[in-house]
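Chain and residue survey
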Amino acid sequence: MTFSSLSLLAFFFLGGVLASRNGSEVSFEQNFDITWGNDHVLSLDQGRELQLSMDNSSGAGFASKLSYGSGFFHMRMKLPEKDSSGVVTAFYLTSHTDNHDELDFEFLGDKEGRPYTLQTNVFSNGQGNREERIQLWFDPTVTFHTYMILWNQHQIVFYVDNIPIRVFKNKTNIGVIYPSQPMQIEGSLYDGESWATDGGRTKTNWTQAPFRAHFQGFDIDGCPSQNSSIHHCYSPKYWWNRGKFWNLDSTRWREYEVVRKKYMTYNYCLDKPRYPIPPLECLS
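About the criteria used
Residues numbered from 1 in each chain as written. Predicted model: local features only at pLDDT ≥ 70, side-chain atom pairs only at ≥ 80, totals over all residues. Heavy atoms only, no water. Helix = DSSP H or I, 4+ residues; strand = E, 2+ residues; numbered from the N terminus. Rg over C-alpha atoms; globule rule 2.2 N^0.38 Å. Buried < 20%, exposed > 50% of the residue type's maximum accessible area, 1.4 Å probe, protein only. Contact = heavy atoms within 4.5 Å. Areas by Shrake-Rupley, 256 points an atom, 1.4 Å probe, with all protein chains shown as cover. Lys, Arg positive; Asp, Glu negative; His and termini not counted. Charge placed at Lys NZ, Arg CZ, Asp CG, Glu CD. Salt bridge = Lys/Arg side-chain N within 4 Å of Asp/Glu carboxyl O. Phe/Tyr/Trp six-rings, centres within 6.5 Å; stacked < 30°, edge-to-face > 60°. Lys NZ or Arg CZ within 6 Å of the ring centre and 35° of its normal. Disulfide = S-S within 2.5 Å.

**What about the overall build of the protein?**
- Broken down by element type, the protein carries three helices and 16 strands.
- Here the C-alpha radius of gyration of the protein, 18 Å, is about what a compact globule of 284 residues would show, namely 19 Å.
- In terms of its C-alpha atoms, the protein occupies a principal-axis envelope of roughly 50 × 45 × 45 Å.
- A burial count over the protein gives 56% of its 284 residues as buried.
- Here the analysis covers contacts within the protein between residues at least 6 apart in sequence; of these, 68% occur between residues at least 24 apart.
- With an accessible surface of roughly 12,800 Å², the protein has 50% of that area assigned to carbon and sulfur atoms.
- Averaging the locations of the 26 positively and 31 negatively charged side chains of the protein gives two centres separated by 7 Å.

**Thoughts on unusual backbone geometry**
- Residue Pro210 is bonded to the preceding Ala209 through a cis peptide linkage, with omega at 5°.
- The residue Pro210 is located in the loop between strand E13 (184-191) and strand E14 (211-216) in this model.
- If you check the backbone angles, Gln46 has positive phi at about 55° while not being a glycine.
- The exposure class assigned to Gln46 is exposed, which follows from its relative accessible area of 67%.
- Unlike most non-glycine residues, Asn129 shows phi in positive territory, near 55°.
- Accessibility expressed as a relative area gives 43% for Asn129, which makes it partly exposed.

**Here's the deal with the pattern of salt bridges**
- The final tally for this structure, using the stated rule, is ten salt bridges.
- One salt bridge in this structure joins Lys65 and Asp33, with 2.7 Å as the shortest N-O distance. Linking Lys65 in the loop between strand E4 (60-64) and strand E5 (68-78) with Asp33 in strand E1 (residues 32-36), this pair joins segments that are 32 residues apart in sequence.
- Residue classification places Asp33 among the partly exposed residues on the basis of a relative accessible area of 37%.

**Notes on the packing of aromatic side chains**
- Under the criterion given, the structure shown has 24 aromatic pairs.
- Arranged with centres 5.1 Å apart and planes meeting at 85°, the rings of Phe62 and Phe215 form a pair that is edge-to-face. Note that Phe62 is positioned in strand E4 and Phe215 in strand E14, a separation of 153 residues in sequence. With respect to burial, Phe62 and Phe215 carry one shared label: buried.
- Taking 5.6 Å as the distance between ring centres and 85° as the angle between the ring planes, the aromatic pair formed by Trp137 and Phe138 counts as edge-to-face.
- Overall, Phe138 belongs to the buried group, its relative accessible area being 17%.
- Clustering of aromatic rings is evident, with ring pairs tying together Phe72, Tyr159, Tyr238, Trp239, Trp240 and Phe245.
- Lying over the aromatic face of Tyr266, Arg133 brings its terminal NZ or CZ to 4.7 Å of the ring centre.

**With respect to the state of the cysteines**
- One pass over the structure, following the stated rule, counts two disulfides.
- A sulfur-sulfur separation of 2.1 Å characterises the disulfide bridge that pairs Cys223 with Cys233. Because the sign of the S-S torsion sets the handedness, a value of about -70° for the bond joining Cys223 and Cys233 places this disulfide among the left-handed ones. Note that Cys223 is positioned in strand E15 (residues 222-224) and Cys233 in the loop between E15 and helix H3 (250-262), a separation of ten residues in sequence.
- Among the residues examined, Cys223 registers a relative accessible area of 0% and is labelled buried.
- Bridging Cys269 to Cys282, the disulfide has an S-S length of 2.0 Å. Measuring handedness by torsion sign, the sulfur bridge of Cys269 and Cys282 sits at about -75° and is left-handed. Taken together, the positions of Cys269 in the segment after strand E16 (264-267) and Cys282 in the segment after E16 put the pair 13 residues apart, joining distant regions of the chain.
- With relative accessibility at 21%, the residue Cys282 sits in the partly exposed group.

Okay, structure coming up:
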């Protein structure tokens, strides 16, 4: 079965919850603000699309007006094309506290003709270093694709076009700290040449600048939380907290395993030189 078929199946198993929403009609200004690089931002289609650009003077970024304590967060993105070595496009949640929580999608550019690497990471109470990397099975520079993060009290799931690519379960019962701080939704385009491509050996090709990333889908399915407690965001009145979102069903699990088998290039849980003793969350 092809991944296009899997994407269609995934839509129906999600009940079309997100894809059926008319999020394209929500303008950027309703839920988000520019946070840096204002002169590298262009609003398009009456605010329903945002272009971030990067040259050797600056990149740009944005953040949601509110913080959230749970949700099913999504963004449609089209990434910089051609030689994008060293360029990082990001969509993530973060708490901006000293010991912060963070859930990352980081798209690592590469030389023209080589596939993008998607890196995900999970920070809880300031502890990160939980990188996983896959190579995308499509060209993310040609058209928009949807990237989503489910976060409830049972699990965190990263999705690409409705296909689950990573699951981080709540294992507080064995001592693993689980993200539990209110987080903002953010997006950015920045220079990561010190680490992003070939471990930093391949640098940004500034002759290709400006690099441009496009974002759409500014509606938010999340529980607003403006204080340190997010327990009210675990309520079943929010659809993403209901039982069907506590675990992947058998179909979603098969999709997940295909991604892990065919497209994964790095998993910190399997990096024995780095972690001779596997982190607790890596234990089944």
